[in-house]
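Overview (structure and organization)
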Amino acid sequence: MPQFLTLLPPDEARALLLSHLPAGTVDSEPVSVTASLNRTLADDIHAPHPLPQFERSTVDGFAVRARDTFGASDSQPAYLTLIGEAPMGDAPAFEIGAGQCALIHTGGMLPNGADAVVMLEYTQQIVGAGSPRPNEIIYKTGRKDLATTKTEIEIFRAMAEGENIIRVGEDVAEGQAILPQGRVMRPAEIGGLLALGITSARVSRFVKVGIISTGDEIISPEESPKPGQVRDVNSYTLSALVEKSGGVAKRYGIIRDQFEALKDAAAEALSECDVIVVTAGSSASTRDMTADVIRSLGEPGVLAHGINTRPGKPTILGVCNGKAVIGLPGNPVSALVNGYLFVAPVIEKLLGTLPRPKPTVLARLTVNLPSQAGREDWWPVNITVNPQSSIVKYEADPIFGKSNLIFTLANADGLLRIPPDAAGLGAGEVVEVMLL
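A brief look at the structure comes next. Counting from 1, residues in each chain are numbered in the order their sequence is written. The model is predicted, so local features are restricted to residues of pLDDT at least 70 and side-chain atom pairs to those at 80 or more, both for listing and for counting; the totals for chains, interfaces and linings are taken over all residues. As a rule here, side-chain values come from all non-hydrogen atoms in the structure, and water together with hydrogens is ignored.

1. Concerning the overall build of the protein chain
Under the scheme used here, helices are H or I runs from DSSP no shorter than 4 residues and strands are E runs no shorter than 2 residues, and both carry numbers assigned from the N terminus. The helix and strand inventory of the protein chain stands at nine helices and 28 strands. In terms of principal-axis extent, the alpha carbons of the protein chain reach across some 100 × 50 × 40 Å. Remark: exposure states derive from per-residue accessible area (1.4 Å probe, protein chains only) relative to the maximum for the residue type, with buried under 20%, exposed over 50%, and partly exposed in between. Residues counted as buried form 48% of the 436 residues belonging to the protein chain. Residue contacts are defined here by distance: any two heavy atoms, one from each residue, within 4.5 Å place the two residues in contact. For the protein chain, the share of sequence-separated contacts (at least 6 apart) that also reach a separation of at least 24 residues comes to 73%.

2. Topic: the packing of helix α2 (residues 10-19) against helix α8 (residues 332-351)
Axis definition: a line fit to C-alpha positions, over the contact stretch in the case of helices; interaxial angles, taken between N-to-C directions, run 0 to 180 degrees. Packing of α2 against α8 brings their axes to within 10 Å, and their N-to-C directions diverge by 35°. Note on packing geometry: the crossing formed by α2 with α8 is right-handed. Residues Pro 10, Ala 13, Arg 14, Leu 17, Leu 18 and Ser 19 of α2 form the contact with α8, whose own contacting residues are Leu 341, Phe 342, Pro 345, Val 346 and Lys 349. In this count, Pro and Cys sit with the nonpolar residues alongside Ala, Val, Leu, Ile, Met, Phe, Trp and Tyr, while Asp, Glu, Lys and Arg are called charged and the others, Gly among them, polar. Of the residues that constitute the contact of α2 with α8, the class distribution is eight nonpolar, one polar and two charged. Take the far helix as the reference: if the near one is turned anticlockwise from it by less than a right angle, the crossing is left-handed, and if turned clockwise, right-handed.

3. A word on the nonpolar core
Counting 36 residues, the largest nonpolar core has Leu 17, Val 207, Val 209, Val 275, Leu 317, Ile 326 and Val 346 as its most contacted members. Contributing elements (two or more residues each) for this core: α2, β13 (207-214), α5 (234-244), β17 (275-279), β20 (316-320), β21 (323-328) and α8. Ranked by residue count, the leading element in this core is α8, at eleven residues. Leave out the neighbours within four places in its chain, and Val 275 touches Val 207, Lys 208, Val 209, Gly 210, Ala 324, Val 346 and Leu 350. Of all hydrophobic cores here, the second largest spans 19 residues; its members include Tyr 252, Ala 265, Val 278 and Val 302. Nine residue types can take part in a nonpolar core, namely buried Ala, Val, Leu, Ile, Met, Phe, Trp, Tyr and Cys, and a core is a set of them joined through side-chain atoms within 4.5 Å.

4. Quick notes on the sheet that holds strand β7 (residues 116-119)
Judged by pairing direction, the sheet is mixed, and its six strands sit side by side in the order β7-β4-β6-β5-β9-β8 without closing on themselves. In this open sheet, the two edge strands, each paired with only one partner strand, are β7 and β8 (123-126). On average, each strand axis in the sheet is inclined to that of its neighbour by 40°, with strand direction left out of account. Each pair of strands is called paired provided DSSP finds at least two bridges between the two strands. Relative to strand β9 (residues 152-155), strand β5 (residues 78-85) is paired through four bridges, and the arrangement is antiparallel. Bridge pairing in β9 links Tyr 79 to Glu 154.

5. Observations concerning the pattern of salt bridges
Just to be clear on terms, a salt bridge is a Lys or Arg side-chain nitrogen sitting within 4 Å of an Asp or Glu carboxyl oxygen. Across all of its chains, the model carries 14 salt bridges by this definition. A salt bridge links Asp 11 to Arg 14, with the nearest nitrogen and oxygen atoms 2.5 Å apart. With Asp 11 and Arg 14 both in helix α2, this residue pair falls three residues apart, about one helical turn. For Asp 11, a relative accessible area of 44% translates into the label partly exposed. Residues joined in a network through salt bridges with shared partners are Glu 55, Glu 161 and Arg 167.

6. Brief notes about unusual backbone geometry
Of note, the bond from Glu 299 into Pro 300 is cis; its omega dihedral lies within 30 degrees of zero at -5°. Mapped onto the secondary structure, Pro 300 falls in strand β18 (residues 300-305). In this chain, Arg 310 is followed by Pro 311 through a cis amide linkage whose omega measures 0°. Structurally, Pro 311 is set in the loop between β19 (309-310) and β20. Within the chain, Asn 164 stands out as a residue other than glycine whose phi angle is a positive 65°. Within the secondary structure, Asn 164 is located in the loop between β9 and β10 (165-166).

Below you can see the structure in the form of structure tokens.
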């Protein structure tokens with residue numbers, strides 16, 4: 001097995017695999033923006049109109065002409081006549097002239113003539129005969145014209161033009177490119193599109209990933225294992241990872257250790273899916289056939305058999321007729337960790353997802369971790385808060401266990417990477433942890 005004897009670094013192996021795959025080639029489909037969370041945009045989106053479409057206040061206070069407040073202070077306030085209240089959800093029916101102001105609430109439309117808003121905290125109402133009671137102006141609604149009562153407002157702070165207001169188009173201008181193709185929709189993007197009245201968007205359809213589990217000893221989770229049998233874990237953990245990454249999984253069941261049976265199942269999956277993942281059958285054992293099956297499915301076949309990483313050294317990366325075919329180890333931890341390293345990036349490339357940083361935290365390692373120089377290691381760790389530290393607030397506590405023990409990952413908060421140029425990490429070192 002010469003390919004297995006030549007171990008590629010994980011980054012090099014991933015780059016090699018992705019270089020054989022086209023980006024953003026899956027079809028697109030229209031979806032409701034309200035149902036687009038975590039979907040990848042298939043088109044650039046431009047603003048149909050400016051946002052906001054009118055000048056609005058960012059605070060509760062009084063709309064003023066900024067020049068009427070110049071020089072105002074606690075000791076020398078400016079005095080402005082209150083002429084009305086800007087209604088919420090409607091345009092004010094009056095204009096602010098020299099020496100005048102109007103009550104306005106957060107989000108209210110700025111009256112013509114006004115170019116700033118003074119916060120309530122920096123004002124005071126002068127109460128005179130026939131004037132409303134203090135605070136009545138602020139809390140009583142439906143009063144669109146207060147000019148019948150001579151009410152003055154003391155202003156204790158000078159305002160600059162544009163202060164405490166949002167201009168037309170300050171968020172986005174009409175025609176502006178607001179979201180690029182490849183952006184993954186998050187709550188903020190959904191809100192932004194709906195604010196512009198955009199209720200539908202084209203997104204990349206889900207990448208279809210066929211998952212095949214192999215092994216004479218594997219049974220379905222519903223069955224009770226006999227001596228020597230184990231329940232299928234990988235089909236379901238990898239299905240969850242696929243869905244989390246923007247794909248949809250199709251499980252092809254458990255295939256026994258027979259070459260023709262595995263070849264037939266893989267050929268069926270290749271014809272129906274965008275990506276194939278085969279678990280187990282990837283080591284150098286004479287009973288393991290995944291590499292030979294991949295070679296039989298199409299060109300160029302196996303690109304790499306063996307990755308210089310722990311866990312997951314016997315991982316196989318291949319491309320058959322333009323589709324990725326990945327063989328992962330049977331051990332659950334190895335399969336899932338290498339699913340993060342290779343399956344998820346393939347899905348993202350097919351979706352056309354723009355590069356984005358993975359969520360990570362800095363933490364201080366609690367114990368020494370050994371490693372072999374030249375090999376990249378990934379350790380599951382728990383993250384705890386260290387209240388005594390003001391610089392690095394988290395601690396990374398490694399979870400020790402073999403690669404066939406799924407709860408070493410189930411109990412982990414993240415994965416710690418030991419780079420190949422390190423012979424281990426020492427207790428107390430600050431490390432970066434990729435959150436799961």
